[in-house]
Amino acid sequence: MNRWESDPILTVEHLSMRFGGLIAINDLSFVAGRGDITALIGPNGAGKTTVFNCITGFYKPTEGRIALAHSPEAFSQLPEITAGSRVSAGGSLYLLERMAEFEIAKRARVARTFQNIRLFGGMTAVENLMIAQHNKLMVASLYTVGGIFGLPAYREGERLAMDKAVYWLERVGLTERADDPAADLPYGAQRRLEIARAMCTDPLLLCLDEPAAGLNPRESADLNALLRFIRDEHKISILLIEHDMGVVMEISDHIVVLDYGEKISDGSADFVRNDPRVIAAYLGVEDEEVEVVEQEVGL
């Protein structure tokens, strides 16, 4: 058994997604290990973003189960929630396909970034990180009353939120740009700020959709360091879609490869790098030509 299979935070079982007659995802199963960086890769149109949309609640899958466990022992509670509920009695196991998008973010603690940056461009960098903590601040303010009168609970909640925002600004190297509008930041800085904003929601699973898109080599190296820091220091599990194979192969603990909505490979970076099915998919050859590709690459 692989390490990620022995302690998964996320299990995707027999996931299918159809749009009319189009099968975007077909009977997909994989796991993401707790505390791992798991990469979901494949050629354009392979179905990677559709999988993300199912995990984060943008789509409701046609078939399949997506379970997220807050604790290693939580999967033992799975029989408790198969009769129609969406959360285990102890609140540590969640069936994401049964939950609304906002519940997945708030209760299951799944955060996401997108291919296209979605910062609040007119707000400053620090305001973007504060607004990510809106729910906690609303509770601390007793839903506005505490904020209006400056009650101690709200002041303390606001202080903690600002401390967290400052912490993540430091981590992504944007302390000196804290008061600049997000839209005025360089592209690479906006990418890092978006990840920092996601981290301010206290996720257990961070889903990143092409975080290295448009970055130069130095910015990609900075991104790698940031993702390792999130994994190693904060013990956050990361699931990412990425086309930059330099990023994927350097930082991933586990790689799942899709092609035309189906899984064609699943394993470590070394295993996937040498899998002839992966090589064939990226070169765009037909299944019957795989043996020719194997011979050409010396496999």
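I would appreciate a short explanation of the pattern of salt bridges in the present structure.
Two side chains bearing opposite charge may form a pair once their charged atoms approach each other closely. Considering all chains together, one arrives at 23 salt bridges under this definition. Between arginine 159 and glutamate 156 there is a salt bridge, and its shortest N-O distance comes to 2.6 Å. Note that arginine 159 and glutamate 156 are positioned in helix H7 (residues 152-171) at a spacing of 3 residues, about one turn of the helix. Here arginine 228 ties to glutamate 250 by a salt bridge, and the two come within 3.0 Å at their closest N and O atoms. Taken as a pair, arginine 228 in helix H9 (residues 217-234) and glutamate 250 in helix H10 (residues 245-251) lie far apart in primary sequence, 22 residues in all. In this structure arginine 228 comes out as partly exposed when scored by relative accessible area, which is 26%. With relative accessibility at 48%, the residue glutamate 250 sits in the partly exposed group.

Help me understand H9, please; the structure alone is not making it clear to me.
Three or four residues apart is the spacing at which side chains of an α-helix point the same way, because the helix has 3.6 residues per turn. Compared with an ideal rise of 1.5 Å per residue, which puts 18 residues at 26 Å, H9 spans 25 Å between its outermost C-alpha atoms and is within 8% of the ideal. If you check which residues of H9 are buried, you get Glu219, Ser220, Leu223, Asn224, Leu226, Leu227, Ile230 and Arg231. The buried residues of H9 occupy an angular sector of 165 degrees when projected down its axis, which confines them to one face. For H9, the exposed residues lying more than 90 degrees away from the buried face are Pro217, Arg218 and Glu233. The inward-facing, buried residues of H9 contact strand S3 (37-41), H7, helix H8 (187-199), strand S7 (205-209), strand S8 (237-241) and H10. For H9, the side-chain oxygen to backbone nitrogen distance between the N-cap and arginine 218 is 3.1 Å, and the N-cap itself is asparagine 216. Following H9 by one or two positions, lysine 235 has its phi on the positive side, about 55 degrees.

I'm lost on the pairing of strand S1 (residues 8-19) in this one. Help?
Here S1 runs beside strand S2 (residues 22-33); their pairing, made up of 8 bridges, is antiparallel. From the neighbouring strand, valine 12 faces S2, where its bridge partner is phenylalanine 30. Two elements, S1 and strand S4 (residues 63-69), share 5 bridges in a ladder whose sense is antiparallel. The residue bridging serine 16 from the neighbouring strand is glutamate 63, located in S4.

Is there a simple way to think about helix H2 (residues 48-55) in this case?
With respect to burial, H2 is a largely interior element, 7 of its 8 residues being buried. Among the residues of H2, those classed as buried are Lys48, Thr50, Val51, Phe52, Asn53, Cys54 and Ile55. Phi for glycine 57, located one or two positions after H2, is positive at around 90 degrees.

How should I be thinking about the sheet that holds S2 in this particular structure?
Within a sheet, adjacent strands bond to each other through the backbone by hydrogen bonds, running parallel or antiparallel. One open sheet holds the 4 strands; their spatial order is S2-S1-S4-S5, and the pairing between them is antiparallel. Two strands bound the open sheet, and with one partner strand each, they are S2 and strand S5 (93-95). For this sheet the average axis-to-axis angle between neighbouring strands, irrespective of direction, equals 15 degrees.

Would you take a moment to explain the sheet that holds S8 for this structure?
Spatially, 6 strands are ordered S6-S7-S8-S3-S9-S10 in an open sheet, and the strand pairing comes out mixed. Of all the strands in the sheet, the pair left with one neighbour each is strand S6 (110-112) and strand S10 (262-267). Each adjacent strand pair in this sheet contributes to an overall mean axis angle of 15 degrees, direction not counted. Taken together, the 4 bridges between S3 and S8 define a ladder with parallel strand orientation. Directly across from alanine 39, in S8, lies its bridge partner leucine 240. Packing of H2 onto the sheet brings it into contact with S3, S6, S7, S8 and strand S9 (254-259), and relative to S8 it is tilted by some 140 degrees. Of the strands in this sheet, S3, S7 and S8 touch H9, which is tilted by about 150 degrees from S8.

Explanation requested: the packing of aromatic side chains in the structure shown.
Aromatic ring pairs are described here by two measures, namely the spacing of the ring centres and the angle between the planes. With the rule as written, the count across this model stands at 4 aromatic pairs. With a centroid separation of 6.3 Å and an interplanar angle of 80 degrees, the aromatic rings of tryptophan 168 and phenylalanine 229 are classed as edge-to-face. Of this pair, tryptophan 168 sits in helix H7 while phenylalanine 229 sits in helix H9, placing them 61 residues apart in sequence. By relative accessible area, which is 4% here, tryptophan 168 ends up buried. Accessibility expressed as a relative area gives 24% for phenylalanine 229, which makes it partly exposed. The rings of Tyr167, Trp168 and Phe229 are connected pair by pair, giving a single aromatic cluster.

About the thresholds
- Residues numbered from 1 in each chain as written.
- Predicted model: local features only at pLDDT ≥ 70, side-chain atom pairs only at ≥ 80, totals over all residues.
- Heavy atoms only, no water.
- Salt bridge = Lys/Arg side-chain N within 4 Å of Asp/Glu carboxyl O.
- Helix = DSSP H or I, 4+ residues; strand = E, 2+ residues; numbered from the N terminus.
- Buried < 20%, exposed > 50% of the residue type's maximum accessible area, 1.4 Å probe, protein only.
- Expected span 1.5 Å × (residues − 1).
- Arc of directions from axis to C-beta.
- Contact = heavy atoms within 4.5 Å.
- Polar contact = N/O pair within 3.5 Å; in protein donor to acceptor, adjacent residues only side chain to side chain.
- Pairing = 2+ DSSP bridges.
- Axes fitted to C-alpha atoms, helices over the stretch in contact; angles between N-to-C directions.
- Phe/Tyr/Trp six-rings, centres within 6.5 Å; stacked < 30°, edge-to-face > 60°.

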